[in-house]
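Geometric and topological summary
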Amino acid sequence: MTQIRRSKREHCPQCDSVAMLNYVHVSPGEDAEVFAECSECGAFVARYTLRSYTCDDPYRSYLRHMRTRGHDSGALARKSAEQFASKLWDDYAEVKQLVAEDEEARHLEDLLGETP
Ligand SMILES: [Zn+2]
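Within the chain, the regular secondary structure consists of three helices and three strands. Going from the N terminus to the C terminus, the chain shows its helices and strands as β-β-β-α-α-α. A compact globule built from 116 residues should have a C-alpha radius of gyration of about 13 Å, whereas the chain, at 17 Å, is more than 25% larger. C-alpha atoms of the chain, sized along the principal axes, occupy 50 × 40 × 25 Å. Within the chain, the proportion of its 116 residues that are buried is 3%. The contacts in the chain between residues at least 6 apart in sequence include a share of 41% that link residues at least 24 apart.

Dropping the structure here:
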């Protein structure tokens, strides 16, 4: 079965704005949560539970991730970090292109329900 990749921006359910404030909540022993709030009207938009996090420096994120799992060092780790960063930037570009060309119109909950 072919899975179609779809992308959309988060929209405010009250005013349809796509401008969001993200509040990150970290509790010991629990998955971190992000509460999205509309920056235009202040409405609650969504809560995300994080499984992983990548910052604007993907090498740092990758190395931190590997430290917690244990990983080969040296050239292999460097190559893996480069592949991780390359995939991040490719995925980011694809998401933005999908939104620009044909943004998903369905509610995000419906999209997430499609994922096996
Ligand atoms: Zn709003």
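Turning our attention to the pairing of strand 3 (residues 44-49). Summarising the sheet, strand 2 (residues 33-38) and strand 3 pair through five bridges and their orientation is antiparallel. Paired with V34 across the strands is Y48, a residue of strand 3.

Once that is clear, we can look at the pairing of strand 2. In the sheet, strand 1 (residues 20-25) pairs with strand 2 via six bridges, with the strands oriented antiparallel. From the neighbouring strand, M20 faces strand 2, where its bridge partner is C38. Connecting strand 2 to the antiparallel partner strand 3 that follows it, the hairpin turn spans five residues, and G42 within it adopts a positive phi of roughly 85°.

Under the 1.5 Å per step criterion, the end-to-end length of helix 2 (residues 75-102) is 40 Å for 28 residues, consistent within 8% with the ideal 40 Å. Within helix 2, only zero of the 28 residues are buried, leaving the element largely exposed.

The residue D16 is not glycine, and still its phi comes out positive at about 70°. With respect to the secondary-structure elements, D16 resides in the segment before strand 1.

Looking now at the domain arrangement of the chain. Looking at the chain, the domain boundaries give domain 1 (7-51) and domain 2 (54-100). Between domain 1 and domain 2, the C-alpha centre-to-centre distance is 24 Å.

A word on the sheet that holds strand 1. If you walk across this open sheet you meet the three strands as 1-2-3, and the pairing is antiparallel. Each edge of the sheet is formed by a strand with only one pairing partner; in this case those strands are strand 1 and strand 3. If you compare each strand with its neighbour and ignore which way they point, the axes differ by 20° on average.

Before going further, it helps to examine the environment of K87. Secondary-structure assignment places K87 in helix 2. Each C-alpha atom of the pair K87 and A105 lies 26 Å from the other, and the pair is 18 residues apart in sequence.

Counting through the fold element by element, D57 comes out in the loop between strand 3 and helix 1 (58-69). By C-beta crowding, D57 is classed as exposed, having 10 other C-beta atoms within 10 Å. Separated by 28 residues in sequence, D57 and A85 place their C-alpha atoms 8.4 Å apart.

Thresholds, definitions, all that
Residues numbered from 1 in each chain as written. Predicted model: local features only at pLDDT ≥ 70, side-chain atom pairs only at ≥ 80, totals over all residues. Helix = DSSP H or I, 4+ residues; strand = E, 2+ residues; numbered from the N terminus. Rg over C-alpha atoms; globule rule 2.2 N^0.38 Å. Buried ≥ 20, exposed ≤ 12 C-beta atoms within 10 Å, placed from the backbone. Contact = placed C-beta atoms within 7 Å. Pairing = 2+ DSSP bridges. Expected span 1.5 Å × (residues − 1). Domains from an automatic or database assignment. Axes fitted to C-alpha atoms, helices over the stretch in contact; angles between N-to-C directions.

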